[in-house]
Amino acid sequence: MRLAKYAFLAWFGGSTYVTLEVFWRARSHWTMFVMAAVVFIILGLLNEVWSWNLLTQTIAGTVIATAAELVTGCIVNLWLGWDVWDYSTMPGNLWGQICPQFTLLWVVIVVVAIVLDDVIRWRFFGEEKPHYKIW
């Protein structure tokens with residue numbers, strides 16, 4: 001059951017992110033599915049392992065998502081040369097792989113992902129009903 005739960009959560013997180021990306025920029029890449037699936041699982045585990053408030057989870061999740069984007073970008077864009085994205089024209093970018101503007105977008109995505117993960121765990125896997133302390 002545990003494997004099925006995490007497979008579903010990974011599929012949901014990856015699929016949802018790819019769908020958002022297609023709506024945002026009219027395309028995506030399979031590597032974004034993998035990155036988002038991993039990040040979604042990690043975001044859910046933050047709440048399972050630590051009883052952090054929503055603000056702390058959001059900050060940690062945003063750092064994790066941005067770091068995952070940087071690592072993924074360094075691999076798929078800089079090392080493999082697949083040119084999945086390029087933020088080099090954005091102010092404050094790091095190697096064209098991350099930038100402050102998209103890190104702020106991650107904040108919103110992370111909050112939604114935390115809540116969705118909790119609701120899925122509650123509704124489909126019988127875990128505790130979500131409740132939040134903002135700070």
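Only a predicted model underlies this, so the values are computations on that prediction, with no experimental measurement involved.

Before going further, it helps to examine the pattern of salt bridges. This model, assessed by the stated rule, comprises five salt bridges. Between Lys5 and Glu127 there is a salt bridge; the shortest N-O distance is 2.5 Å. Separated by 122 residues along the polypeptide, Lys5 in helix H1 (residues 2–25) and Glu127 in the segment after helix H4 (100–125) bring together distant segments of the chain.

The biggest cluster of nonpolar side chains holds 28 residues, and the ones touching the most others in it are Leu9, Met32, Met35, Val39, Leu43 and Trp85. The element best represented in this core is helix H2 (residues 30–49), accounting for nine residues. When near neighbours in sequence (up to four residues on either side) are disregarded, Met35 contacts Ala68, Glu69, Thr72 and Trp106.

Time to look at the packing of aromatic side chains. One pass over the structure, following the stated rule, counts 11 aromatic pairs. Summarising the aromatic geometry, the rings of Tyr17 and Trp106 are spaced 5.5 Å apart at their centres and angled 5° between planes, so their arrangement reads as stacked. You can see Tyr17 sitting in helix H1 and its partner Trp106 sitting in helix H4, a full 89 residues away along the chain. Residue placement shows Arg123 over the ring face of Trp122; its charged tip is 4.2 Å from the ring centre.

Cut-offs and rules
Residues numbered from 1 in each chain as written. Predicted model: local features only at pLDDT ≥ 70, side-chain atom pairs only at ≥ 80, totals over all residues. Heavy atoms only, no water. Salt bridge = Lys/Arg side-chain N within 4 Å of Asp/Glu carboxyl O. Helix = DSSP H or I, 4+ residues; strand = E, 2+ residues; numbered from the N terminus. Core = buried A, V, L, I, M, F, W, Y, C linked by side-chain atoms within 4.5 Å. Buried < 20%, exposed > 50% of the residue type's maximum accessible area, 1.4 Å probe, protein only. Contact = heavy atoms within 4.5 Å. Phe/Tyr/Trp six-rings, centres within 6.5 Å; stacked < 30°, edge-to-face > 60°. Lys NZ or Arg CZ within 6 Å of the ring centre and 35° of its normal.

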